[in-house]
Amino acid sequence: MYVLFRDDMLDSKDIIEKINSNTDFKVVTDLTNATKREDVMSFKMSIPVEKILENTKFDWENEELVNDIFSKTEGFTKDILEFFPKYTVEASSAYKWEELENCIYIVVVIANIDIKLKKLKLDILPRMMRQVD
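Sequence order sets the numbering: in each chain, residues are counted from 1 along the sequence as written. The predicted nature of this model means local features are confined to residues of pLDDT at least 70 and side-chain atom pairs, given and counted, to a pLDDT of 80 or more, with totals for whole chains, interfaces and linings taken over all residues. Note: side-chain values were computed over all heavy atoms of the structure, leaving out hydrogens and water.

1. Thoughts on the pattern of salt bridges
A pairing counts as a salt bridge when a side-chain nitrogen of Lys or Arg comes within 4 Å of a carboxyl oxygen of Asp or Glu. Applying the stated criterion to the full structure yields six salt bridges. The partner of D123 in a salt bridge is K119, and the shortest N-O contact between them spans 2.8 Å. On the criterion of helical spacing, the pair formed by D123 and K119 is a turn pair, its members being four residues apart in helix 4 (residues 117-129). Strands are runs of DSSP state E lasting at least two residues, helices are runs of H or I lasting at least four, and both sets are numbered from the N terminus onward.

Pasting the structure below:
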């Protein structure tokens, strides 16, 4: 889907290819169409736990470890902004550990700075979180 970032028209398929080939993330689902906006991209992505913290076994019982892994995962999404034009903001939320694949699932929304970060975090991101399992 094509999305408008000020004067730039970007195809979400091109961004997905860049994310998959240049980061540790793998785009699982393109949620861009579900945003119902022409100026926001959104993706459900996964990243292996060992790419976040080497030699670490994920343990749901260890709340401190869970919070650490989830917050680091959310921090890694900032690297995706290099594939977008200048003045782009993102918000993300890690929400699930997949035991069989040993990876963390995360939803990220990306928009031009004209959309306030507050709107991304409090409106668009929660709507996208309802779109995933």
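This is not the end of the story, as more comes after the structure.
2. Let's talk about helix 1 (residues 12-22)
An α-helix turns once every 3.6 residues. As a result, residues three or four positions apart point the same way. Working definition: with a 1.4 Å probe on protein chains only, accessible area under 20% of the residue-type maximum means buried, over 50% means exposed, and in between means partly exposed. Residues S12, I15, I16 and I19 constitute the buried set of helix 1. Relative to the axis of helix 1, the buried residues are bounded by an arc of 105° and lie together on one face. Away from the buried face of helix 1 by more than 90 degrees, exposed residues K13, E17, S21 and N22 are located. Note that the arc is defined by the directions from the helix axis to the C-beta atoms.

3. Focus on the packing of aromatic side chains
Stacked, edge-to-face and tilted are the three classes for Phe, Tyr and Trp ring pairs, Trp counted by its six-membered ring, which pair at centre distances within 6.5 Å; planes under 30 degrees apart are stacked, over 60 edge-to-face, the rest tilted. Applying the stated criterion across every chain yields a total of five aromatic pairs. On the numbers, 5.3 Å between centres and 85° between planes, the contact of F58 with W60 is edge-to-face. Ring geometry for F58 against W97: centres 4.5 Å apart, planes inclined by 25°, an arrangement best described as stacked. You can see F58 sitting in the loop between helix 2 (49-52) and helix 3 (63-76) and its partner W97 sitting in strand 5 (residues 88-98), a full 39 residues away along the chain. With a relative accessible area of 15%, W97 lands in the buried category. An aromatic cluster is present here, built from F58, W60, F70 and W97 joined pairwise through their rings. For a Lys NZ or an Arg CZ to count as sitting over a ring, it must be within 6 Å of the ring centre and within 35 degrees of the ring normal. Residue placement shows K44 over the ring face of Y105; its charged tip is 5.0 Å from the ring centre. Taking the ring centre of Y105 as reference, the NZ or CZ of K96 above it sits at 5.5 Å.

4. Observations concerning the pairing of strand 1 (residues 2-5)
Remark: a regular strand shows side chains that alternate across the two faces of the sheet. Of the two faces of strand 1, only one is covered, namely that formed by V3 and F5; the face formed by Y2 and L4 stays uncovered. The pairing criterion is simple: DSSP has to find at least two bridges between the two strands. For strand 1 and strand 2 (residues 8-11), the ladder comprises four bridges, and the chain directions are antiparallel. Residue pairing across strands places Y2 opposite D11, the latter belonging to strand 2. Counting the residues that bridge the hairpin from strand 1 to strand 2 gives two residues, and of these R6 lies at a positive phi of roughly 50°.

5. Quick notes on the nonpolar core
Nine residue types can take part in a nonpolar core, namely buried Ala, Val, Leu, Ile, Met, Phe, Trp, Tyr and Cys, and a core is a set of them joined through side-chain atoms within 4.5 Å. Formed by 29 residues in total, the largest nonpolar core has its most connected members in I19, F43, M45, I69, F84 and I104. The set of elements that each furnish at least two residues to this core consists of strand 1, helix 1, strand 4 (40-48), helix 2, helix 3, strand 5 and strand 6 (103-112). V89, V107, V109 and I115 belong to the second largest nonpolar core, which has 16 residues in total.

6. Observations concerning the environment of R37
Topologically, R37 is positioned in the loop between strand 3 (26-30) and strand 4. For R37 and M9, which are 28 residues apart along the polypeptide, the C-alpha to C-alpha distance reads 14 Å. Here a residue-residue contact requires only that any non-hydrogen atoms of the pair lie within 4.5 Å. With residues near it in sequence (within four places) discarded, R37 still touches M1, I115, K119, I124 and R127. Contacts described as polar in this section are N or O atom pairs within 3.5 Å, which, within protein, must combine one atom able to donate a hydrogen with one able to accept it, while residues neighboring in sequence count only if both atoms come from side chains. Engagement of the side chain of R37 in a polar contact is seen with the side chain of D39, the distance being 3.0 Å.

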